[in-house]
Amino acid sequence: MSAVLSLPAEAERRVVDNLDVEALQQLAADLVAAGGENPGSTEAATVAVLRAACEQHGFTVEVTDVAPGRANLTATLAGGSGPGLLFLGHSDVVPAGDGWRTDPFEPVVRDGRLFGRGSADMKGGLASVVLAMSAINRSDVALRGPVQLVCTVDEEDLGFGIRAYAPTAPRGVFAACVVAEPTDLNTVVGCRGDSYLTLAVSGAAAHSGRPDDGRNAIAAAARVLELVRADHDALRLAPDPLLGTGTWSIGTITGGTGTSIVAAECTVTLDRRLMPDEDADLIADRLRAQIGATGLEDDGFVIDLAIEMEMPGFRTDAEHPLVVEAVGAIADAGGRSEITGWTAACDGGFIARDVGVPCIVLGPGGLNDQAHQANESVGLDELRVAALAYALLALRMVGER
């Protein structure tokens, strides 16, 4: 990736010159070292590091508890009364797991890459946003509206952070949102959503020598899972060119107490990926109706299907100014950005659905080859390009013309 050689606006040149690359790399490493494994509710150290950095760079910072020891952070670079630009990220990381060549929470720089859990997903993106905002602030550039970073907790599990933020998020304040998740610097204009469902089946125990004396909950659950499989296969017949299709995946199944006992209980967890126009409640209702048609409940089984988590998908028009300017900003920062879709899910769906703000996902690092994997890393050059692009995008979306 080449450096930025020429930009038409003097304001943009000042911002580029004021990007502190050394501070960018240090903040990314400090955020990695802070950990934040989730499940585990351990984001506090990451939020503390992020708060200190944002205050050091002159932003207005607000920290809001959404659960004991778990706080969302909002950092704002003030502007005029016009619509601003929102950056969105999360402070938690998935558990480190096994297979690391180094300590996952002792960041190491090697061969032009920063290694450590969360370096790509998404401590590198957070650091890039902070230093982009700092470059704007240090350049004394007038803004028509605010530039803000919102960092939520619990994105990697049940989404407590975004669920607390979205209902209270200011309306009419932001023209657009950039989710700084890892996309290899591609501009993601659409994401599938996700939902977790739990299927609980209760039957009746009996001696396995006389199975008809009982009601086998595992066998009943298997009949429900056949409905799930059939729906999954039907969904695959009509893929969307950008996002594919909704999908079902069976996550866990537990049940029974012994081989010689008819299983009285069975619990199954299900992952149902959502297209942007799908609703988990409607999907669950449809499956409940199909279960009712099997006659299992008439035979004495008690079947409960509950939604444990829902994260909506979103889609933004590829011709939207946010998309056009993002692609251009990456190019002017020395990178290349393709317009694409994401089969993963992210908090941006809540911003698009509940706050009414168009979103893209754009960030340093790879989702498929780095995030959630052992020896996770992000390129230092990717961090620099992302930070430059974020700053240029903010100027072009909300800077004074």
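This report concerns the structure included in the present document. (Residues numbered from 1 in each chain as written. Predicted model: local features only at pLDDT ≥ 70, side-chain atom pairs only at ≥ 80, totals over all residues. Heavy atoms only, no water.)

**Describing the packing of aromatic side chains**
And step 1. Taken as a whole and judged by the stated rule, the model has one aromatic pair.
And step 2. Above the face of the Phe 115 ring, Arg 110 is positioned so that its terminal group lies 4.3 Å from the ring centre. (Phe/Tyr/Trp six-rings, centres within 6.5 Å; stacked < 30°, edge-to-face > 60°. Lys NZ or Arg CZ within 6 Å of the ring centre and 35° of its normal.)

**Digging into helix H8 (residues 321–332)**
And step 1. For H8, built from 12 residues, the straight-helix expectation of 16 Å at 1.5 Å per residue is met to within 8% by its first-to-last C-alpha distance of 16 Å.
And step 2. Within H8 the residues assigned to the buried category are Leu 322, Val 323, Ala 326, Ala 329 and Ile 330. Viewed end-on, H8 has its buried residues packed into an arc of 130°, placing them on one side of the element.
And step 3. For H8, the elements touching its buried residues are strand S3 (84–90), strand S7 (174–179), strand S8 (187–191), strand S14 (339–342), strand S15 (359–361) and helix H10 (380–398).
And step 4. Of the residues one or two after H8, Gly 334 is the one with positive phi, at around 100°. (Helix = DSSP H or I, 4+ residues; strand = E, 2+ residues; numbered from the N terminus. Expected span 1.5 Å × (residues − 1). Buried < 20%, exposed > 50% of the residue type's maximum accessible area, 1.4 Å probe, protein only. Arc of directions from axis to C-beta. Contact = heavy atoms within 4.5 Å.)

**Describing the nonpolar core**
And step 1. Ranked by size, the top nonpolar core spans 65 residues in total, and within it Leu 85, Ile 136, Leu 149, Val 178 and Tyr 390 carry the most contacts.
And step 2. Here the element with the most residues in this core is H10; it accounts for 15 residues.
And step 3. Those residues in contact with Ile 136 that sit more than four places away from it in its chain are Val 15, Leu 77, Val 141, Leu 143, Ala 391, Ala 394 and Leu 395.
And step 4. In this structure, Ile 162, Phe 314, Trp 342 and Val 357 belong to the second largest nonpolar core, which totals 25 residues. (Core = buried A, V, L, I, M, F, W, Y, C linked by side-chain atoms within 4.5 Å.)

**A word on the side chain of Gln 148**
And step 1. Positionally, Gln 148 belongs in strand S6 (residues 147–152).
And step 2. Owing to a relative accessible area of 10%, Gln 148 belongs among the buried residues under this scheme.
And step 3. In this structure the side chain of Gln 148 is engaged in a polar contact, spanning 2.8 Å, whose partner is the side chain of Thr 76.
And step 4. Setting aside chain neighbours within four positions, we find Gln 148 in contact with Thr 74, Ala 75, Thr 76, Leu 85, Leu 86, Phe 87, Met 133, Tyr 165 and Phe 174. (Polar contact = N/O pair within 3.5 Å; in protein donor to acceptor, adjacent residues only side chain to side chain.)

**Focus: the layout of surface pockets**
And step 1. Approximately 330 Å³ is the volume attributed to the largest pocket.
And step 2. Taken together, 18 residues form the lining of the largest pocket, with Glu 155, Glu 156, Arg 273, Ala 345 and His 372 sitting closest to its centre.
And step 3. Broken down by secondary-structure element, the contributors of at least two residues to the lining of the largest pocket are strand S9 (193–202) and strand S12 (302–311).
And step 4. Residues belonging to the lining of the largest pocket are distributed by class as follows: eight nonpolar, three polar and seven charged.
And step 5. Volume-wise, the second largest pocket comes out at about 220 Å³.
And step 6. Forming the boundary of the second largest pocket are Glu 62, Thr 64, Val 66, Asn 72, Thr 74, Gln 148, Val 150, Ala 164, Tyr 165, Thr 168, Ala 169 and Pro 170.
And step 7. Among the elements of the structure, strand S1 (60–67), strand S2 (70–77), S6 and helix H5 (160–165) are those that each provide at least two residues to the lining of the second largest pocket.
And step 8. The element best represented in the lining of the second largest pocket is S1, accounting for three residues.
And step 9. Residues of the lining of the second largest pocket, tallied by class, amount to six nonpolar, five polar and one charged. (1 Å grid on protein atoms, 1.4 Å probe; cavity = no way out; pocket = protein on both sides within 12 Å on 5 of 7 lines; lining within 4 Å. Points joined across faces, edges and corners; volume = space filled by probe spheres on them. Nonpolar A, V, L, I, M, F, W, Y, C, P; charged D, E, K, R; others polar.)

**As for the sheet that holds strand S11 (residues 265–274)**
And step 1. Across the sheet, four strands lie side by side as S10-S11-S9-S12; this open sheet has antiparallel pairing. If you trace the sheet from one side to the other, it starts and ends with strand S10 (247–255) and S12, each paired once. On average, each strand axis in the sheet is inclined to that of its neighbour by 15°, with strand direction left out of account.
And step 2. Pairing analysis gives nine bridges linking S9 to S12, with the strands arranged antiparallel. Opposite Leu 197, over in S12, you have Ile 307 as the bridge partner.
And step 3. Against the sheet, helix H6 (residues 217–235) engages S9, S10 and S11, with an angle of about 10° to S11. (Pairing = 2+ DSSP bridges. Axes fitted to C-alpha atoms, helices over the stretch in contact; angles between N-to-C directions.)

**What about the environment of Asn 18?**
And step 1. Tracing the chain through its elements places Asn 18 in the loop between helix H1 (10–17) and helix H2 (21–33).
And step 2. In this structure, the C-alpha to C-alpha distance between Asn 18 and Ala 132, residues 114 residues apart in sequence, is 9.1 Å.
And step 3. Within the structure, Asn 18 has its side chain in polar contact with the side chain of Ser 139 (distance 2.8 Å).

**Some thoughts on unusual backbone geometry**
And step 1. Cis geometry marks the peptide bond from Asn 38 to Pro 39; its omega dihedral reads 10°.
And step 2. Take Pro 39: it is sitting in the loop between H2 and helix H3 (44–56).
And step 3. That bond from Asp 121 to Met 122 is cis: its omega, -10°, falls within 30 degrees of zero.
And step 4. In this structure, Met 122 sits in helix H4 (residues 119–138).
And step 5. Positive phi, close to 60°, is recorded for Ser 41, a residue that is not glycine.
And step 6. Residue Ser 41 is classed as partly exposed on the basis of its relative accessible area, which comes to 38%.

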